[in-house]
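The lines below spell out each chain.
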Amino acid sequence: MNQTENQDVAQPTDRPIIEVNSMHKWYGDFHVLSDINLQVQLKERIVICGPSGSGKSTLIRCINRLEEHQRGQIIVNGTELTNDIKNIEKVRTEVGMVFQHFNLFPHLTILENLTLGPIWVRKTPKKEADEMAMMYLEKVHIAEQALKYPGQLSGGQQQRVAIARSLCMKPKVMLFDEPTSALDPEMIKEVLDVMIDLAEEGMTMLVVTHEMGFAKSVADRVMFMDYGEIVEQNTPQTFFDNPQHERTKLFLSQIL
Amino acid sequence: MTNPPSATREYLKPPITEVGVLGWLRGNLFNSWYNSLLTVLVLLALWQVVPPFFNWAFINSVWNSPAEACRDIDGACWSVIPQNISFIIFGFFPDGQQWRPGLAMLLMIGLVIYSKDRKHWKKSLGTYWLVGLVVMATLMYGGVFGMPVVETDQWSGLPLTFMLALFGMVAAYPLGVLLALGRRSRMPAIKTLCVVYIEMIRGVPLISLLFMSSVMFPLFLPEGVTIDKVLRAQVAIILFTAAYIAEVVRGGLQAMARGQFEAADSLGLNYNQTMRLVILPQALKIVIPPTVGQMLSAFKDTSLVVIIALYDVLKTTKVTLSNPKWTGYSTEAYIALAIFYFICCFAMSNYSRKLEKALHTGH
Ligand SMILES: Nc1ncnc2c1ncn2[C@@H]1O[C@H](COP(=O)(O)OP(=O)(O)OP(=O)(O)O)[C@@H](O)[C@H]1O
Ligand SMILES: [Mg+2]
């Protein structure tokens, strides 16, 4: 619905697609994110890691306003996230999100899961939406399941459907919150492969994951979070071979 | 039961006491001394009750005779129903005009049956109902096409029961869903309003609501303004049922995982779309069983309108029994009526089970 509007506010490509400036967030009294500063350029691929409870999920959920921040600024594609619901919905159409537990809509077929957003949010004609959905299902190697229901698919297949569902909205940025941690080992690869394809096509990605192999081969930048702060961020090379902070070293020694 | 030819060992049949009729009896009725005792006692009780009832209901009974013929028999006088059928069904609707409510009921039943099929759940269904309603109302009220006007206070019997029940349920359901959504709203004013409404309605019996609608409510209306009594009862039933439906639906909404809301949000769906396309289809499906429970209550509770002097099918039956000719046959009449209510309720719950199955998507 905001097609024309979006073009008006489209930013020159050197302006970061995501800008987070001195952002703080509290859950009640609990200071869960503290002074977060983050710039993401178009086509950049960022992996976020850190111990459990360090605020990784909270951070990426703030970027599409599934969580509300209390201080500082978050600007996505030129739109600042405030209480204005129109702005929030606009940002959400530009930002795709993939969840740990897939969150497919169990009452809809795979195809309907994919076309829901395009038809109702983008107002794409049904036929066109169906074709696009089939194209993306093809891309995640699952086209033959289009008429099944999510409950009939394996975890890995469901997660690939979830990725395709986000892609159907033609997002500028994709957020992934531990997309493989609910999967059996043999299914992790099929999902990571899809994500690698996506990265190679130039999708802007923020990925929370413990898959360090993925970080090494795909990320432009790896960020380490602890106690609600970004402790360190660097290219994967430096990050893994030459971590600067004690906390990073401790974390890496535990997971590698 | 023959052994597979390749079997190298002998396949024995299970002991006769484990399978077949004997096994079943042993396993279910005589598996311990107290169960055996209970079984014997129940059999004795059945022996005392069933044959006499059977004799009364089927052997010694008369099915369609004048009242006099019932005087000298031992069995049931089912004649009370067919002999009075037109009053029981149509009540005080004027003689000679009774084809009108009859036709209206047939139309209603036809529409209900048509609506059962999920293939028909399209926009056109709404149109059919709208047209159907206008036709039904015209048939009942008259005043056109040479049909004399029949005021609503003469509407009675089965058409009244069906009308109060059907519109009670059909209108209460969406209202209940809205109330449930309102109760979970983030807007304090809406939320409070819904909570107060739901709790207030649930805090009073339907009878008192009906009394209020018929006795108190008119006192507050300005002079000269009157609202139809049947309509007031109908509204009371709708408001009452909606409060209960609301709580049932709220349960369904609470059962929805947060991830469903988040997934819908992250696609950019707005509140209305999220509810209509993602949340309600799932939540309403979960609560089909308790919703049907409420619907059945609503259906049966329509009989309470007797206390504000509306003549539903229960009341027309009672009136029939107050005729000295038929006074002695209330058992038969009430059994027949119970069977009628049972058939309607059973059809509803049966349908709901089918619907639940049809909506199941394997998760
Ligand atoms: N809704 C909430 N209310 C209160 N506290 C919360 C809420 N959600 C998360 N928290 C807390 O905020 C902190 C950060 O949570 P978050 O989910 O962002 O961590 P995470 O880094 O994603 O951890 P994990 O690797 O386990 O997913 C945790 O201590 C958590 O207990
Ligand atoms: Mg997390």
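So, how was this worked out
Residues numbered from 1 in each chain as written. Chains lettered and ligands numbered in written order. Predicted model: local features only at pLDDT ≥ 70, side-chain atom pairs only at ≥ 80, totals over all residues. Heavy atoms only, no water. Buried < 20%, exposed > 50% of the residue type's maximum accessible area, 1.4 Å probe, protein only. Helix = DSSP H or I, 4+ residues; strand = E, 2+ residues; numbered from the N terminus. Arc of directions from axis to C-beta. Contact = heavy atoms within 4.5 Å. Pairing = 2+ DSSP bridges. Axes fitted to C-alpha atoms, helices over the stretch in contact; angles between N-to-C directions. Near = heavy atom within 4 Å. Polar contact = N/O pair within 3.5 Å; in protein donor to acceptor, adjacent residues only side chain to side chain. Areas by Shrake-Rupley, 256 points an atom, 1.4 Å probe, with all protein chains shown as cover. Nonpolar A, V, L, I, M, F, W, Y, C, P; charged D, E, K, R; others polar. Domains from an automatic or database assignment. Buried area = accessible area lost by both parts, 1.4 Å probe. Salt bridge = Lys/Arg side-chain N within 4 Å of Asp/Glu carboxyl O.

Here's the deal with helix H15 (residues 313–321) of chain B
Residue and element names in this part refer to chain B.
Moving on, step 1. Buried within H15 we find Val313, Thr316, Thr317, Thr320 and Leu321. Considered in projection along H15, the buried side chains sweep an arc of 145° and stay on one side of the axis.
Moving on, step 2. Where H15 is buried, its residues meet helix H4 (80–83), helix H5 (85–90), helix H8 (158–183) and helix H16 (330–359).

What about the sheet that holds strand S2 (residues 30–40) of chain A?
Residue and element names in this part refer to chain A.
Moving on, step 1. Here 4 strands make up an open sheet; going across it, the order is S2-S1-S4-S5 and the pairing antiparallel. The sheet terminates laterally at S2 and strand S5 (79–80), the two strands that pair on one side only.
Moving on, step 2. Inspection of the sheet shows strand S1 (residues 18–27) paired to strand S4 (residues 71–76) by 5 bridges, in the antiparallel sense. Bridge pairing links Glu19 to Ile75 in S4.

Structural notes on the sheet that holds strand S9 (residues 221–226) of chain A
Residues and elements named next belong to chain A.
Moving on, step 1. With mixed pairing, 6 strands are arranged side by side in an open sheet as S6-S7-S8-S3-S9-S10. A strand with exactly one partner marks an edge of an open sheet, and here the two such strands are strand S6 (95–98) and strand S10 (229–234). For this sheet, the mean angle separating the axes of adjacent strands, direction not counted, is 20°.
Moving on, step 2. Two strands pair when backbone bridges link them, and S9 and S10 are joined in this way by 5 bridges, in the antiparallel orientation. In the strand pairing of S10, Phe224 is matched with Glu232.

Here's the deal with the site of ligand 1
Residue and element names in this part refer to chain A.
Moving on, step 1. Taken together, the residues surrounding ligand 1 are Tyr27, Phe30, Val32, Pro51, Ser52, Gly53, Ser54, Gly55, Lys56, Ser57, Thr58 and Glu178.
Moving on, step 2. Measuring from a nitrogen atom of ligand 1, one finds a side-chain N or O atom of Tyr27 at 3.4 Å.
Moving on, step 3. For ligand 1, whose free accessible area comes to 640 Å², the fraction covered by protein is 61%.
Moving on, step 4. Looking at the shell around ligand 1, the elements with two or more residues in it are S2 and helix H2 (56–63).
Moving on, step 5. Considering only residue class, the shell around ligand 1 consists of 4 nonpolar, 6 polar and 2 charged.

With respect to the domain arrangement of chain B
Moving on, step 1. Assigned domains within chain B: domain 1 (14–54) and domain 2 (79–93 + 150–359).
Moving on, step 2. For domain 1 of chain B and domain 2 of chain B, the distance between their C-alpha centroids amounts to 42 Å.

Quick look at the interface of chain A and chain B
Moving on, step 1. Contact residues are listed per partner, giving 25 residues for chain A and 21 residues for chain B.
Moving on, step 2. Between chain A and chain B, the buried area comes to about 2000 Å², and carbon and sulfur atoms account for 62% of it.
Moving on, step 3. Where chain A meets chain B, there are 2 salt bridges.
Moving on, step 4. Its salt-bridge partner being Arg258 of chain B, residue Glu67 of chain A comes within 3.6 Å of it at the nearest N-O pair.
Moving on, step 5. Across the contact surface, chain A and chain B share 6 residue pairs in polar contact (both at pLDDT 80 or more).
Moving on, step 6. Within the residue set of the side of chain A that touches chain B, elements represented by two or more residues are helix H3 (85–94), S6 and helix H4 (110–120) of chain A.
Moving on, step 7. A class-by-class count of the residues in the side of chain A that touches chain B yields 12 nonpolar, 7 polar and 6 charged.

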